[in-house]
Amino acid sequence: ETMARGGIYDQLGGGFARYSVDAGWIVPHFEKMLYDNALLVGVYTHWWRRTGNPLAERIVIETVDWLVREMRTDQGAFAASLDADSLDDHGQLHEGAYYVWNRDQLRAALGEEDAAWAAEAFSVTPSGTFEHGGSTLQLLSDHDQPRLADVRERLRTARDQRSRPGRDDKIVAAWNALLVDALVQAAMVFDRPDWLALATEAADFLWRVHCRDSRLR
């Protein structure tokens, strides 16, 4: 739960960063790896299966949506990673520039009233929780859900205007296989035939392209 609510999770776009550099899961190394997210889709699927916790279901849905939106290749498999670094507002390459926010950026995207609410909801502090006064977004407690959905969507739209991290398009057989396994489990637990179709297409690609001379490369 602390990982899902912390800065290691992308509270706007879904998916987990590679690891946290602190014990509170606040500041991640911002690179997003396929294998982490594949394994965590399985973990959160079975957390929901055991407890029915709605947070677990939301994390699975958002992470799969992110994988499809940003990591799926034209061939139906999944890319290896997204970079940690991207260009900031000044055109300089910085780790986390795509993901972190300060209060001025919130005001520019949301206006004064909603920005003040969002700063409280997402723990965007005056001094920042990361470098250069920026804060990772955390969602440490449940809030007004309709307002939260509206604010998240507006922040996502604003973030889409930022320079995106680069993507490593390598298709790694083992990492894709981890995701195939997780998607099959999630499809069964949540009754999502569309996720089963994603898993099938990725698996077909691995057998067709990575299987050579009776070995999976």
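In this report, we go over the structure that sits alongside the text. (Residues numbered from 1 in each chain as written. Predicted model: local features only at pLDDT ≥ 70, side-chain atom pairs only at ≥ 80, totals over all residues. Heavy atoms only, no water.)

## A short note on the overall build of the chain
Next, step 1: When its secondary structure is counted, the chain shows eight helices and nine strands.
Next, step 2: The C-alpha atoms of the chain give 18 Å as radius of gyration, which agrees with the globular expectation for 217 residues (17 Å, within 12%).
Next, step 3: By its C-alpha atoms, the chain is 60 × 40 × 30 Å across when sized along the principal axes.
Next, step 4: Every one of the 217 residues in the chain was classed for burial, and the buried ones make up 47%.
Next, step 5: Summed over its atoms, the accessible surface of the chain is roughly 10,700 Å², and 51% of this surface lies on carbon and sulfur atoms. (Helix = DSSP H or I, 4+ residues; strand = E, 2+ residues; numbered from the N terminus. Rg over C-alpha atoms; globule rule 2.2 N^0.38 Å. Buried < 20%, exposed > 50% of the residue type's maximum accessible area, 1.4 Å probe, protein only. Areas by Shrake-Rupley, 256 points an atom, 1.4 Å probe, with all protein chains shown as cover.)

## Brief notes about the packing of helix 4 (residues 103-110) against helix 6 (residues 145-159)
Next, step 1: Direction vectors running N to C along helix 4 and helix 6 enclose 100°, while the axes themselves pass 9 Å from each other. Relative to helix 6, the element helix 4 lies roughly perpendicular. Each of Leu106, Ala109 and Leu110 in helix 4 lies in contact with helix 6, whose residues at this interface are Val151, Arg154, Leu155 and Ala158.
Next, step 2: Taken together, the residues that form the contact of helix 4 with helix 6 break down as six nonpolar, no polar and one charged. (Axes fitted to C-alpha atoms, helices over the stretch in contact; angles between N-to-C directions. Parallel < 35°, antiparallel > 145°, perpendicular 65-115°, else oblique. Contact = heavy atoms within 4.5 Å. Nonpolar A, V, L, I, M, F, W, Y, C, P; charged D, E, K, R; others polar.)

## Looking at helix 3 (residues 54-71)
Next, step 1: Its 18 residues give helix 3 an end-to-end C-alpha distance of 25 Å, which sits within 8% of 26 Å, the value for a rise of 1.5 Å per residue.
Next, step 2: The set of residues buried in helix 3 consists of Leu55, Ala56, Ile59, Val60, Glu62, Thr63, Val64, Trp66, Leu67, Glu70 and Met71. (Expected span 1.5 Å × (residues − 1).)

## Some words on the side chain of Ser86
Next, step 1: Inspection of the secondary structure puts Ser86 in strand 5 (residues 85-87).
Next, step 2: A polar contact is formed between the side chain of Ser86 and the backbone nitrogen of Tyr98, at a distance of 3.2 Å.
Next, step 3: When sequence neighbours within four positions are dropped, the list of residues in contact with Ser86 reads Gln92, Leu93, His94, Ala97, Tyr98, Ser163, Arg164 and Pro165. (Polar contact = N/O pair within 3.5 Å; in protein donor to acceptor, adjacent residues only side chain to side chain.)

## Digging into the nonpolar core
Next, step 1: Within the largest apolar cluster, 38 residues are counted, with the highest numbers of intra-cluster contacts made by Tyr44, Val60, Leu67 and Trp195.
Next, step 2: Of all the elements in the fold, those that place two or more residues in this core are helix 2 (34-51), helix 3, helix 7 (173-190) and helix 8 (193-210).
Next, step 3: Tallying contributions element by element places helix 3 first for this core, with eight residues.
Next, step 4: Here Leu67 is in contact with Leu34, Asn37, Val41, Arg72, Phe78 and Leu179, once residues within four sequence places are set aside.
Next, step 5: One finds Ala118, Phe122, Leu137 and Leu139 within the second-largest nonpolar core, a separate group that totals 16 residues. (Core = buried A, V, L, I, M, F, W, Y, C linked by side-chain atoms within 4.5 Å.)

## Details of a nonpolar patch on the surface
Next, step 1: Nonpolar side chains collect at one region of the surface, where Val184, Met188 and Leu196 lie side by side and expose about 240 Å² of accessible area between them.
Next, step 2: Along the chain, Leu196 falls in helix 8. (Patch = residues over 30% accessible without salt bridge, like charges linked within 9 Å, V, L, I, M, F, W, Y side chains within 5 Å. Salt bridge = Lys/Arg side-chain N within 4 Å of Asp/Glu carboxyl O.)

## Brief notes about the pattern of salt bridges
Next, step 1: The full count for this structure, using the stated rule, is 20 salt bridges.
Next, step 2: Between Arg152 and Glu62 there is a salt bridge, with its nearest N and O atoms 3.0 Å apart. Residue Arg152 is found in helix 6, and its partner Glu62 is found in helix 3; the two are separated by 90 residues along the sequence.
Next, step 3: Assessed through its relative accessible area of 14%, Glu62 is described here as buried.
Next, step 4: We note a salt bridge from Arg192 to Asp194, for which the minimum N-O separation is 2.7 Å.
Next, step 5: What makes Arg192 partly exposed here is its relative accessible area of 25%.
Next, step 6: In this structure, a network of salt bridges that share partners links the residues Arg69, Glu70, Asp160 and Arg164.

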